[in-house]
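An overview of the molecular structure
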Amino acid sequence: GPENLGGEPPAALYEVSSRRQREAAQWLKEQAMDEGDDEDQEMNDEEDELAHRETDFNDYFYEDPDYEEESGVIEEPFQPTQLDIEGEKAVEAAVAEINQETEEKDEDLSDKDAPPNGWINEKELAKAEKELLLVGVSAKPKNVTLPKKQANRKSKMNAKFFCTVANNPNCPRFRDKLEMIVAELLSEKQHAEWLLSTTRSECTKQISELDSQIQIMDSKKSDGARIEAGASARKSDSQGAIASIEREGRKLLSVFKRQSADCRSELKNLRNTVCGSKKLKQEVITIEAKQRKGARLEINDCSVGSWRPQECMDIKVAQQLEKQGIFNPQKAVTARRPLHSILHKCGFGGGIQWFLRGKVSPPQTPQYGANCPPLRLKTVCNDFECPVDCELGDWEGWSACSKTCDGGLKRRVRPVEVYPQNGGDACDATNDEQTCNALACDRPCLLQNWGPWRACTRACDRGMRWRSRKIKRAATGDGRCPRTFSKARYERRVCNAQPCPLDVVCVARMDLLIGIDASGSMGLSGWKAQRTALLQLVNRMALSKASGIQLGVLKFAYKITVLSQLTDDKKKLISAITKTKFDRWTTNIGGAFRSMKGMLQFGRRDAPSICMLWTDGRPSRPSSKYDASLGAKSLRSSCRVMVVTMRPAVPKSYVSPWVSHPKSQNVMVVNHPNLMVEKVMKVNTFVCGRVQTFLDWTKAQKVTKATSTR
C-alpha cells in the first residue's frame, strides 16, 4: 500500500543462514591469506598511483611508540564502573525514546510545501506518472497497489507519498535525488573551473618568470652594450695610442740604430787613439832613456774596475747623503729612515743614481803614468710616469648551465675597473668556466630512507601496519623510479590477526569525531537506526579525557549541525544524539569534512585524531564530489579519515579517494542504514586500535556455540 512507498526493504533480504556465513568467512580468510589476491589492490596500479601522487603518504600520522605497542585486544574482561552502568541505562532509555518517534511527532518533518488540500486526483496522478517517466523513474513500483478512490485516502500522511513533480517538487527523497544530479553537474563545473584556474595560474606564473628572465636579460644586454661601448671606445683610443707609439718607436729605433753606429764608430776611434797615444808615449820615453843611457822604463797607467750602479734615490735625499759622503742608499738605511723612503721608483723629474767603481791598480810611474779617471758618476734615473697595475671588480653570478644533464658549462665574468698603463701588471682572467650537470640525462630517482612503521589500523580481525619511502630526487630523462606501491617504496605487515570478541569496549586513547547523515535519502527508519547504533557505540567506549576517548558528533544534511564538541561527558552525548531532529534534504559531505577540521581544535596533542563519516548517499548541493574531495584532502592532514557507507549506491571505490591510507582499512561497507545496529561491534573494532572484552571470552564462546547449534 501507499504506506510502504519509500519504506525499508524487508528484513528477509538481509537474512543469511549461519552455514553460509561460515562459508563466506572461511573464503574471505583464505583470500586474505593468499598473497596474490590483496584486498588493498582493489584499484588498478595506475588509479592507485594517481590517487596517492599528490599526498605521497603525507596523510596524518600520530607517531608514538607507546601508542603502537598498546594496540590489540586485552583479554581481561572490562569491569564497568557505576557511571558505565548508569550510562547503559541512559542509552537503553534513549533507544526506547528514539523507537517511539513517528513522522507525526517530528515537527521538522511536516511537508510545509504540500498542496493546500493535500490530495491528488486521478488526472494529477497520471500527469505525475508522465513526468516521472520523463526523468527516467518508473511511476508504478512493483508489488504496490495504488488506491482507486479518494475515499480510501484516510490522511495526509498517506497522500504525501503521491506528491507530483509539478505541484509539489519538495518531497525530501525526490529533492535529494535532484540535488544529487545538480551536485554532479556542479562537481564537473568546479573541476573544470579548477583546471582552468590552475592552468591560468601556471600560465601567469610562467609568464611572470619569463618576464623576469626577459628583464634580467634586457638588463644584462644593456650592461653588455654599455661595456661593449666602453670597450670599443677604449679599443679605438688604444689603437690610436698604439699606432702613435709604434710610429714613435720606429722613429726611436731608427735614431737608436744611427746613434749606436756612431757610438761604436766613435768608441773604435777613441780606442785606436788611446792605443796610438800609449804607443807613441812609450816610444818617446824609450828614446829619451837611450839618450840618457838609462834603463828602459815601463809605463803603467791607473786602471779601474767596472761601474757598479746603485739604486735610484730621491733627489732631496740623494743631495743630503752626498754632503755626508754616502752614495750607496743601503748604507743610509736607519730605523727612522727605511729604504723605501730613500728610493725613487718613478715620477716626473726622476731621481739620482750613482755609478761607482774602484781602483784596480794605481800608476807605478806617476811622472809618466796617467792618473785614475773619476770613480763616481751621477745620472738622472727613473724619469718616467709610474706604471698603473690592472684592477678587477668582483665576479658576477654564474650563468645558467648550458645543459640540464650530460655535462654543460656555466660561466661568470668580472669587469676591469682599471686598465694597466705605463708597463703596469697585466689583468688576470676576466672569464671563468665550470662544468655543471655532469650526471647522465637518463638518471633514476633517489629515494629517502624508510619512514617509521605506522600503528596497526585495527585491534583485531587482521589490521595492517605499513611504511614507505619518499622521493628525495626525481628521475630525469628516461630514468626510472619505483612506483608508489612497489616493494622498493612500500612495505606492509599484517597485525592483530586474531578474531575479535563478540562484545568489546574501546579503551584506546584517541579523539574521535563522528558525522552522521541526516539527508532525506536516509529515511526516518534509517535515521533512527543510525542514532541507535551511535548510542550503542557510545555505550561501548571508555570515555575519559585523561586516559581514554573524547568523542564529538555532528550531523550533516543541507546544513551542518555540531551536536557535541569533543568531550568525555557520556550524558551530554546521549542527550544530544537523542534530541536531534531529522533534517532531510541534501547531503553536504564537503561541509561535514570542513566542520570536522574545525572541531579538532578542541582535541589533545598527546592523542591520535580519527574522523569517521557515516553516509548513505553521494554528495549533493551545496556540496559535490569535487567539493567533498577537497574537504577530505584538507582533513587528511589533521586526522585519520574513515567512511562507513550504508547504501550500494555508494560503493567502496567511490569513497576511497576521501579516506586515509590504507584505503581498505578505512572504508566499511554496510548495505543499509537499518543494519547499522547489528554492525555496532564491527564499527567499534573498525575504528578502535585497542579493545577489551566486555564479557568473559569463554562465556562468549559458549554463547556463540549455543547460538550456532540452535
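A short tour of the structure in this document, coming up.

Calculation criteria
Residues numbered from 1 in each chain as written. Predicted model: local features only at pLDDT ≥ 70, side-chain atom pairs only at ≥ 80, totals over all residues. Heavy atoms only, no water. Disulfide = S-S within 2.5 Å. Helix = DSSP H or I, 4+ residues; strand = E, 2+ residues; numbered from the N terminus. Buried < 20%, exposed > 50% of the residue type's maximum accessible area, 1.4 Å probe, protein only. Phe/Tyr/Trp six-rings, centres within 6.5 Å; stacked < 30°, edge-to-face > 60°. Lys NZ or Arg CZ within 6 Å of the ring centre and 35° of its normal. Polar contact = N/O pair within 3.5 Å; in protein donor to acceptor, adjacent residues only side chain to side chain. Core = buried A, V, L, I, M, F, W, Y, C linked by side-chain atoms within 4.5 Å. Contact = heavy atoms within 4.5 Å. Salt bridge = Lys/Arg side-chain N within 4 Å of Asp/Glu carboxyl O. Axes fitted to C-alpha atoms, helices over the stretch in contact; angles between N-to-C directions. Parallel < 35°, antiparallel > 145°, perpendicular 65-115°, else oblique. Left-handed = near helix turned anticlockwise from the far one by under 90°. Nonpolar A, V, L, I, M, F, W, Y, C, P; charged D, E, K, R; others polar. Pairing = 2+ DSSP bridges.

**Let's talk about the state of the cysteines**
Per the stated rule, a full pass over the model turns up 10 disulfides. Between the sulfur of Cys456 and that of Cys495 lies a disulfide, 1.9 Å long from S to S. Here Cys456 and Cys495 share a disulfide; its torsion about the S-S bond, 95°, makes the bridge right-handed. In this pair, Cys456 sits in the loop between strand 11 (446-447) and strand 12 (463-468) while Cys495 sits in strand 14 (residues 490-495), placing the two residues 39 residues apart along the sequence. The same class applies to Cys456 and to Cys495, which are both buried. Paired through a disulfide, Cys460 and Cys500 show a sulfur-sulfur distance of 1.7 Å. In this structure, the disulfide formed by Cys460 and Cys500 twists by about 100° around the S-S bond and is classed as right-handed.

**Quick notes on the packing of aromatic side chains**
This model, assessed by the stated rule, comprises 6 aromatic pairs. Taking 4.9 Å as the distance between ring centres and 80° as the angle between the ring planes, the aromatic pair formed by Phe485 and Tyr490 counts as edge-to-face. Ring centres 5.6 Å apart and planes at 15° place the aromatic pair Trp527 and Phe582 in the stacked group. A residue pair is termed long-range when its members are at least 10 positions apart, and Trp527 in helix 10 (residues 523-539) and Phe582 in the loop between helix 11 (570-579) and helix 12 (589-599) qualify at 55 residues. Taken individually, Trp527 and Phe582 each receive the classification buried, so the pair is uniform in this respect. By way of ring pairs, the aromatic residues Trp466, Phe485 and Tyr490 are connected into one cluster. Over the face of the ring belonging to Trp395 we find Arg412, whose NZ or CZ atom lies 4.5 Å from the ring centre. The lysine or arginine in question, Arg540, covers the ring of Phe694, its NZ or CZ lying 3.9 Å from the ring centre.

**Examining the side chain of Arg640**
Looking at the element boundaries, Arg640 is found in strand 20 (residues 640-645). According to the relative accessible area criterion, Arg640 is buried, its value standing at 15%. Within polar-contact distance, the side chain of Arg640 engages the backbone oxygen of Gln665 at 3.4 Å.

**Let's talk about the nonpolar core**
Leu512, Ile514, Met612 and Trp614 are the most contacted members of the largest nonpolar core, which has 52 residues in total. Considering every element that reaches this core, the biggest residue donor is helix 10, with 7 residues. Ignoring anything within four residues of it in the chain, the contact list for Ile514 reads Leu534, Leu537, Leu551, Gly552, Val553, Leu554, Met596, Met612 and Trp614. By size, the runner-up hydrophobic cluster in this structure holds 24 residues, among which are Phe556, Met596, Val641 and Val659.

**A few points about the pattern of salt bridges**
Taken as a whole and judged by the stated rule, the model has 11 salt bridges. The partner of Asp503 in a salt bridge is Arg540, and the shortest N-O contact between them spans 2.9 Å. Here Asp503, found in the loop between strand 14 and strand 15 (504-506), pairs with Arg540, found in the loop between helix 10 and strand 17 (549-556); they are 37 residues apart in sequence, far enough to count as distant. When its relative accessible area of 10% is taken as the criterion, Arg540 is described as buried. Where Asp511 meets Arg604, a salt bridge forms, and the shortest distance between an N and an O atom there is 2.8 Å. One end of the pair, Asp511, is in strand 16 (residues 510-517); the other, Arg604, is in the loop between helix 12 and strand 19 (609-615), with 93 residues separating them in the sequence.

**Observations regarding unusual backbone geometry**
The linkage connecting His661 with the following residue, Pro662, adopts the cis geometry, with an omega of -5°. With respect to the helices and strands, Pro662 occurs in the loop between helix 14 (652-655) and strand 21 (667-669). With a phi close to 55°, Asn422 is a non-glycine residue in the positive phi region. By the secondary structure assignment, Asn422 is in the loop between strand 9 (416-418) and strand 10 (431-436).

**A few points about the environment of Ser525**
By secondary structure assignment, the location of Ser525 is in helix 10. Between the C-alpha atom of Ser525 and that of Pro673, which follows or precedes it by 148 residues, the distance is 8.2 Å.

**Thoughts on the packing of helix 10 against helix 15 (residues 680-687)**
Where helix 10 contacts helix 15, the two axes come as close as 9 Å, and the packing angle between them is 55°. In terms of their interaxial angle, helix 10 and helix 15 are classed as oblique. Crossing geometry of helix 10 relative to helix 15 is assigned as right-handed. Counted together, Ala533, Gln536 and Leu537 of helix 10 and Val680, Val683 and Asn684 of helix 15 form the full contact between these two elements.

**Things to note about the packing of helix 4 (residues 82-99) against helix 11**
One way to put it is that helix 4 packs onto helix 11 with a least axis distance of 10 Å and a crossing angle of 5°. Considering the angle they form, helix 4 stands roughly parallel to helix 11. For the pair helix 4 and helix 11, the contacting residues are Asp84, Glu86, Gly87, Ala90, Val91, Ala94, Glu97 and Ile98 in the first and Lys570, Lys571, Ile574 and Thr578 in the second. Looking at the contact of helix 4 with helix 11, its residues break down into 5 nonpolar, 2 polar and 5 charged.

**Brief notes about the sheet that holds strand 6 (residues 376-381)**
Taken together, the 3 strands give an open sheet; going across it, the order is 3-4-6, and neighbouring strands pair in antiparallel fashion. What marks the edges here is a single partner per strand, and that holds for strand 3 (308-309) and strand 6. In terms of strand pairing, strand 3 meets strand 4 (residues 351-356) through 2 bridges, oriented antiparallel. Bridged to Arg308 within strand 4 is Leu356.

**Thoughts on the sheet that holds strand 18 (residues 560-567)**
What the 6 strands build is an open sheet, ordered 18-17-16-19-20-21; its pairing is mixed. One side of each edge strand has no neighbouring strand; the edge strands of this open sheet are strand 18 and strand 21. Shown here is a sheet whose adjacent strand axes are inclined to one another by a mean of 15°, direction ignored. By the bridge criterion, 3 bridges tie strand 20 to strand 21 in an arrangement that is parallel. Within strand 21, the position partnered with Val644 by the bridge is Met668. Each of strand 16, strand 17 and strand 19 is contacted by helix 10, which is oriented at about 165° to strand 16, the strand it contacts most. Across the sheet, helix 11 is in contact with strand 17 and strand 18; its angle to strand 18 comes to roughly 170°.

It is worth stressing that arrangement in space is one thing and function is another; only the former is reported here.
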